Amino acid sequence: MSEVKANSRARLVYDPAELDYNFGPEHPMQPGRINALIDLLETCGLWRSTGEDSRLPLRAATIEELSLAHTSDYIAAVQTLSTPGSSKAESDERQLLAIKYGFADGDTPALPRMHDVCAHIAGGSLVALSAVMGLPAGGAFSSEDARPLHVFHPGGGLHHAWAERASGFCVYNDISVAIANVLRASEAKILYIDFDAHHGDGVQRAFYDDPRVMTVSLHETGRYLFPGTGDVLELGNGLGHGYSVNVPLEPFTEDDSYTEAIESLLSPLVISFAPDVIVTEHGCDTHAWDPLTHLSLTLRGIQAQITLAHQLAHTYCQGRWVALGGGGYDLYRVVPRAWSMVWAEMSDQALPEHLPDAWVERWRPVWSSVEDQEAAAQQVMGKVPAPTNFPTSFQDRPEDFPAQPRRWSISRANRHTVSLVRHLLVPSSVRQAFPAARSQSPLAGLFDLLHLRGSATPSRSKTLETPAGALLLRDFCPPSLVERLTVDEGLHAFARLPAREHQLLLSIARRPDCALTLAHTPAGRIAGEVTLAPGDEWWEGLENVYEVAIEVSSNWRGFGVGRNLLAFALELDALEDIILYAMGLSWHWDTEGLGLNSYRYRELIAHLFASQGFVEYPTTEPNVKMEPANIFLARVGKRVDQRVVSQFFNHLLSTPNLARL
Ligand SMILES: [Zn+2]
Ligand SMILES: [Zn+2]
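Reading the values: the criteria
Residues numbered from 1 in each chain as written. Chains lettered and ligands numbered in written order. Predicted model: local features only at pLDDT ≥ 70, side-chain atom pairs only at ≥ 80, totals over all residues. Heavy atoms only, no water. Helix = DSSP H or I, 4+ residues; strand = E, 2+ residues; numbered from the N terminus. Expected span 1.5 Å × (residues − 1). Buried < 20%, exposed > 50% of the residue type's maximum accessible area, 1.4 Å probe, protein only. Pairing = 2+ DSSP bridges. Axes fitted to C-alpha atoms, helices over the stretch in contact; angles between N-to-C directions. 1 Å grid on protein atoms, 1.4 Å probe; cavity = no way out; pocket = protein on both sides within 12 Å on 5 of 7 lines; lining within 4 Å. Points joined across faces, edges and corners; volume = space filled by probe spheres on them. Nonpolar A, V, L, I, M, F, W, Y, C, P; charged D, E, K, R; others polar. Donors = N, O, S within 2.8 Å, 3.2 Å for Na, K, Ca; no water. Core = buried A, V, L, I, M, F, W, Y, C linked by side-chain atoms within 4.5 Å. Contact = heavy atoms within 4.5 Å.

Chemist: Help me understand helix H5 (residues 114-132), please; the structure alone is not making it clear to me.
Modeler: Since there are 3.6 residues in each turn of an α-helix, residues three or four apart along the chain are aligned in direction. For H5, which comprises 19 residues, the first-to-last C-alpha distance of 27 Å matches the rise-based estimate of 27 Å (1.5 Å per residue) to within 8%. Within H5, 18 of the 19 residues are buried, leaving the element largely enclosed by the surrounding structure. Count one or two residues on from H5 and you reach Gly-134, which has phi positive near 70 degrees.

Below, the structure written as structure tokens:
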């Protein structure tokens, strides 16, 4: 292999001038965190500020460049507020400017030399993105191979600044400036992913109408956190509709739920948007120790976010990736470690297991001086008190992070949010190709084989003669068939209304990991259905567990339709690779008009499924457990691995998920 090693194409943007972005000793954002980061990278030998091959020089953004994302009034106000006023009249005028432009609420106070310092930060991100995109503003390189592919600018990521006002510790929005510069200089499309715990409102606003920029923000829900925006339904405006993506996460979200969310969303979004470059904001205020938010990630979840960003850039954008800093208010214990991970990832270097002693000795005392402040703020946010020591390893120790008591319901709420986002923003073909948080189904391959080859008779069929007339049985019914059929009015136990039942059958037919078997009359009226779908959340973590459901129209009962349809649907050899289960839930039972009580109906279901090799098992599954008349049956395929079988039976009687009740 004569490939250029990726690490020679990764650069870091840093200039000591950025350390002057300092709102004073009482402010939660301290430039010392960047200092500690650079010191950590240098002490570990991961980066050298003097190394021309790993550093990308920074320059201030010009007024003209800042104007791409900010109004000229606002830039003029920032300039005025950057110098001390001398007279009383001047100071009154400055007070008015501060109120008008967002510098008076205490979060983002005006600073001396503020314009100059913030123009440097904006320039850093602009140079970084321009270099990766091969634009003149990124500087000249001797060859295409010498042009950086990945750039990290830890001082950037000031995502709250608006075009016409300062907000949330942010004066100039370096991200918007950098992206706007690419928009005017090229045809490129840009994907911006904001991992900060706070909604990336400033960047979203800047490109809300623009279909060339997709903004994706994963953040703690605005219900309890600044800036309050970032709802799923903020989808973009005009031509930009569908290019603004928001994933509001529950307070106290932990690593596994977070990782599941980013994995089920980001690949399908990247594929459907097809960007030329990815810009990521790695605010690490998502960490459990952060004093300003309620999220509960550890560095494991943050590492997953960084690794995924890197993979997406290589898989879909020819490697073009700019990473930025952002929030992070556990200044010395979290920020230097988290952002070292960004640099190690993009430069293909391994992090040492332990933090260098010399570095710990330099920064532990600095942390001690702010420790009380951070701990008090953390308590206000309702977080589990962080250990009162300074870490000595790069990774977090699991024992320092006790599980959240509401873990299960938090994950469930996040999963619901993610599926809503997928439903609204990811085209269905892409969604099917990337099933959320599930292992690939063995049915999918079978379905593709049967459907996508364009065969005229893709599914099996068979005629069933009954005293009420003939029925056609068909398996793997495609959506095109379901669209042409109608639903018998006696078929409504699952969806309550035949029209909704039709919708339900259509959506099942559209899913590649589900299988739909129907019984319909020659005139096209559906009299019965068998569906196979992956087990729901309760079965999470188990392989190849599928639920079978059956319904026969009340107009077609008593003719053996159920038994024949079920036998037909389950005779495929491929089903020997999976575990099938069925649940009889009394509140779904349509016992009216049958003259049966629910216990008698339970017996009928047990009998019906027993005819296909199902056995009844006791289980703690919450739906089944709710009523004594409910029943759980399962059939384990002949080829299912013994390890999977025992996991399945252990899971049947497991208790941890009962929190759901
Ligand atoms: Zn790379
Ligand atoms: Zn933040």
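Chemist: How do you make sense of the sheet that holds strand E7 (residues 321-324) when you look at a structure like this?
Modeler: Two pairing modes exist for strands in a sheet, parallel and antiparallel, and in both the strands are linked by backbone hydrogen bonds. The seven strands are arranged E1-E2-E7-E6-E3-E4-E5 in an open sheet whose pairing can be described as parallel. Across the chains shown, the open sheet's two edge strands, defined by having one partner strand only, are strand E1 (10-12) and strand E5 (244-249). Put simply, the sheet's adjacent strands are angled 10 degrees from each other on average, direction ignored. When strand E4 (residues 213-220) meets E5, the two strands line up parallel, connected through six bridges.

Chemist: Would you explain unusual backbone geometry in this entry?
Modeler: In terms of backbone geometry, most residues other than glycine have negative phi values and most peptide bonds are trans. Following Phe-226, the chain continues to Pro-227 via a peptide bond in cis, the omega torsion being -5 degrees. Within the secondary structure, Pro-227 sits in the loop between E4 and E5. Positive phi, normally seen in glycine, also occurs at Phe-252, with a value near 70 degrees. One can find Phe-252 in the loop between E5 and helix H8 (255-273). Positive phi, close to 55 degrees, is recorded for Asp-348, a residue that is not glycine. Positionally, Asp-348 belongs in the loop between helix H10 (335-346) and helix H11 (357-380). Assessed through its relative accessible area of 44%, Asp-348 is described here as partly exposed.

Chemist: It is not clear to me how empty space enclosed by the protein should be interpreted in this structure. Could you clarify?
Modeler: Empty pockets left among the atoms are what a rolling probe the size of a water molecule brings to light. Per the stated rule, a full pass over the model turns up three cavities of 30 Å³ or more. Taken as a whole, the largest cavity holds about 110 Å³ of empty space. Lining the largest cavity are Glu-18, Leu-19, Tyr-21, Met-29, Gln-30, Pro-31, Arg-33, Ile-34, Ile-121, Pro-154, Gly-155 and Leu-158. In the lining of the largest cavity, the residues fall into eight nonpolar, two polar and two charged. Its boundaries defined by the atoms lining it, the second largest cavity holds a volume of some 50 Å³. In terms of lining, the second largest cavity is formed by 10 residues, of which the most central are Phe-476, Ala-515, Thr-517, Ala-569 and Leu-572. Sorting elements by how many residues they give to the lining of the second largest cavity places strand E11 (residues 515-520) first, with three residues. Across the lining of the second largest cavity, the residue classes break down as eight nonpolar, one polar and one charged.

Chemist: Can you walk me through the coordination of the zinc ion (ligand 1) in this structure?
Modeler: By definition of the ideal shapes, a tetrahedral metal site with four donors has angles of 109.5 degrees and an octahedral site with six donors has angles of 90 or 180 degrees. Protein coordination of the zinc ion (ligand 1) is provided by His-150 (NE2), His-310 (NE2) and His-314 (NE2), with donor distances spanning 2.1 Å. In primary-sequence terms, the residues that donate to the zinc ion (ligand 1) follow H-x159-H-x3-H. One end of the pair is His-310 and the other is His-314, both in helix H9 (residues 299-316) and four residues apart, which spans about a single turn. Of the residues examined, His-314 reaches a relative accessible area of 38% and is grouped as partly exposed.

Chemist: For this particular structure, what's the right way to read the coordination of the zinc ion (ligand 2)?
Modeler: Summarising the metal site, the zinc ion (ligand 2) is bound by the protein donors Asp-196 (OD), His-198 (ND1) and Asp-285 (OD), whose distances to it range over 1.9 to 2.1 Å. Counting gaps between the donor residues of the zinc ion (ligand 2) yields the pattern D-x1-H-x86-D. One end of the pair, His-198, is in the loop between strand E3 (190-194) and helix H7 (201-206); the other, Asp-285, is in the loop between strand E6 (277-281) and H9, with 87 residues separating them in the sequence. Owing to a relative accessible area of 8%, His-198 belongs among the buried residues under this scheme. Using a relative accessible area of 0% as the deciding quantity, one classes Asp-285 as buried.

Chemist: Hey, could you run me through the nonpolar core in this one?
Modeler: Nonpolar side chains tend toward joint burial in soluble globular proteins. Residues Trp-339 and Trp-343 are the most contacted members of the largest nonpolar core, which totals 61 residues. Examining the composition of this core, we find that eight residues originate from one element, H8, more than from any other. Once you skip the residues sitting within four places of it in the chain, Trp-339 turns out to touch Arg-33, Ile-34, Leu-37, Phe-152, Pro-154, His-282, Cys-284, Gly-325, Gly-326 and Gly-327. Membership of the second largest hydrophobic core comes to 59 residues, among which are Ile-75, Val-117, Cys-118 and Val-277.

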